[in-house]
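Residue strings, one per chain:
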Amino acid sequence: MAELLQNPKKILKVRKELRDATGINGLIQESDILRLPYLQAVIKETFRLHPAFPFLVPHKANAVEINGYVVPKNAQILVNVWASGRDSITWSSPRSFLPERFLDCKTDLRGQDFELIPFGAGRRICLGLPLAHRMVHLMLATLICNFEWKVEEGLKRDEIDKGEKFGLTLQKAIPHFLSRLFLSNCDPCAYIPEDCST
Ligand code: HEM
């Protein structure tokens, strides 16, 4: 939400896509997700920049050699997906929040494309992926469509601190923004955030 708050036009784009795909009230069903490429792109871009598990889950290695590097048996392996999501060799403008980069590209986050593996990959890939994938799309769509999101009073959009707190999971260091509930039955696309009318 912090990334989207800094990019309010992208909030409008998600709302418009939802309304076009689901009708005026923007209520999303699980079956709609496949028809919402921009929402999917926003979620991929969010996982690229802010993976929930920045080092996945620690693994124990068998003895292997990779590109001349010897990994001893039983070494603890942490996969730094936070860093690979920001690697300028793989991603153009890696620090920028650009969901559009995923619109014309087949990269998916289900463990087949190693540049984007927020759920891990291979035998120990997240068992909850099918559930989590659906829930994240449904929750984000619902939050965007039913709430008007505003930055905290007195704060400008570009002042939102996106600093992160590292642990097993990645958290936003300073949580600050407010939300206000939309009136029911409103047109999700009618609301234009302040400073976003152009
Ligand atoms: C956005 C939500 C979620 C994210 C980002 C996520 C991410 C991950 C990651 C990165 C791993 C470690 C993969 C690896 O080290 O290779 C993992 C493992 C696992 N996750 Fe999730 N997860 C999510 C939700 C869930 C849910 C909802 C469930 C259960 C309903 C679940 C169950 C598991 C289990 C059981 C494992 C261990 C799999 C194994 O070691 O064989 N996860 N998850």
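None of these values were measured; they are calculated from a predicted model.

A. Broad picture of the overall build of the protein. Counting secondary structure elements, the protein contains five helices and eight strands. Looking at the protein as a whole, 22% of its 198 residues qualify as buried. When contacts within the protein are restricted to residue pairs at least 6 apart in sequence, those whose partners lie at least 24 apart make up 64%.

B. Looking closely at unusual backbone geometry. Even without being a glycine, L56 presents a positive backbone phi close to 50°. Tracing the backbone shows L56 in the loop between helix 3 (37–49) and strand 1 (59–60). Positioned with a positive phi, N74 is a non-glycine residue whose angle comes to about 70°. By the element assignment, N74 lies in the loop between strand 3 (69–71) and strand 4 (76–77). Classification of N74 by C-beta neighbours within 10 Å gives exposed; the count is 9.

C. Here's a closer look at the nonpolar core. Within the largest apolar cluster, 17 residues are counted, with the highest numbers of intra-cluster contacts made by V14, L18, L39, V42, A141 and I144. Among the elements of the structure, helix 1 (2–6), helix 2 (8–22), helix 3 and helix 5 (129–146) are those that each provide at least two residues to this core. No other element matches helix 3, which puts four residues into this core. The residues contacting V42, other than those within four sequence positions of it, are K10, V14 and P99.

D. Spatial organisation of helix 2. Look at helix 2: 21 Å from first C-alpha to last across 15 residues, which is about the 21 Å you get at 1.5 Å a residue. Of all the positions in helix 2, only K10, I11, K13, V14, R15, E17 and L18 are classed as buried. G23, located one to two residues past helix 2, shows a positive phi value of around 105°.

E. Representation of the UniProt feature "binding site: heme" (unreviewed entry) in the protein within the structure. On the UniProt side, "binding site: heme" (unreviewed entry) is annotated at positions that read C126 here. Positionally, C126 belongs in the loop between helix 4 (81–84) and helix 5. Here C126 is in contact with F119, G120 and A132, once residues within four sequence places are set aside.

F. Spatial organisation of the packing of helix 2 against helix 3. In contact at an axis separation of 8 Å, helix 2 and helix 3 are set at 140° when each is read in the N-to-C sense. With respect to helix 3, the element helix 2 is oriented oblique. Contact residues: helix 2 offers K10, K13, V14 and E17, while helix 3 offers Y38, L39 and V42. Taken together, the residues of the contact of helix 2 with helix 3 sort by class into four nonpolar, no polar and three charged.

G. The site of the ligand, seen in detail. In the vicinity of the ligand, 15 residues are found, and the nearest of them are L56, G120, C126, G128 and A132. Of the residues in the shell around the ligand, the class split is 12 nonpolar, two polar and one charged.

H. View of helix 5. The terminal C-alpha atoms of helix 5, which comprises 18 residues, lie 25 Å apart, in line with the 26 Å expected from a rise of 1.5 Å per residue. Among all positions of helix 5, only H137, A141, I144 and C145 are buried. Summarising the axial view, the buried residues of helix 5 lie within an arc of 95°, below the 170-degree limit, and thus occupy one face. Among the exposed residues of helix 5, those oriented more than 90 degrees off its buried face are L131, M135 and M139. Summarising the contacts, the buried residues of helix 5 are in contact with helix 2 and helix 3.

I. Structural detail: the environment of K13. Turning to its location among the elements, K13 is positioned in helix 2. For K13, a count of 20 C-beta atoms within 10 Å corresponds to the buried category. Linking K13 and N67, residues 54 residues apart in sequence, is a C-alpha distance of 43 Å.

J. Representation of the environment of K16 in the model. By secondary structure assignment, the location of K16 is in helix 2. In this structure, the C-alpha to C-alpha distance between K16 and C145, residues 129 residues apart in sequence, is 9.4 Å.

Criteria and thresholds
- Residues numbered from 1 in each chain as written.
- Predicted model: local features only at pLDDT ≥ 70, side-chain atom pairs only at ≥ 80, totals over all residues.
- Helix = DSSP H or I, 4+ residues; strand = E, 2+ residues; numbered from the N terminus.
- Buried ≥ 20, exposed ≤ 12 C-beta atoms within 10 Å, placed from the backbone.
- Contact = placed C-beta atoms within 7 Å.
- Core = buried A, V, L, I, M, F, W, Y, C linked by C-beta atoms within 7 Å.
- Expected span 1.5 Å × (residues − 1).
- UniProt positions renumbered as here; feature names shortened; annotations may be inferred.
- Axes fitted to C-alpha atoms, helices over the stretch in contact; angles between N-to-C directions.
- Parallel < 35°, antiparallel > 145°, perpendicular 65-115°, else oblique.
- Nonpolar A, V, L, I, M, F, W, Y, C, P; charged D, E, K, R; others polar.
- Near = placed C-beta within 6 Å.
- Arc of directions from axis to C-beta.

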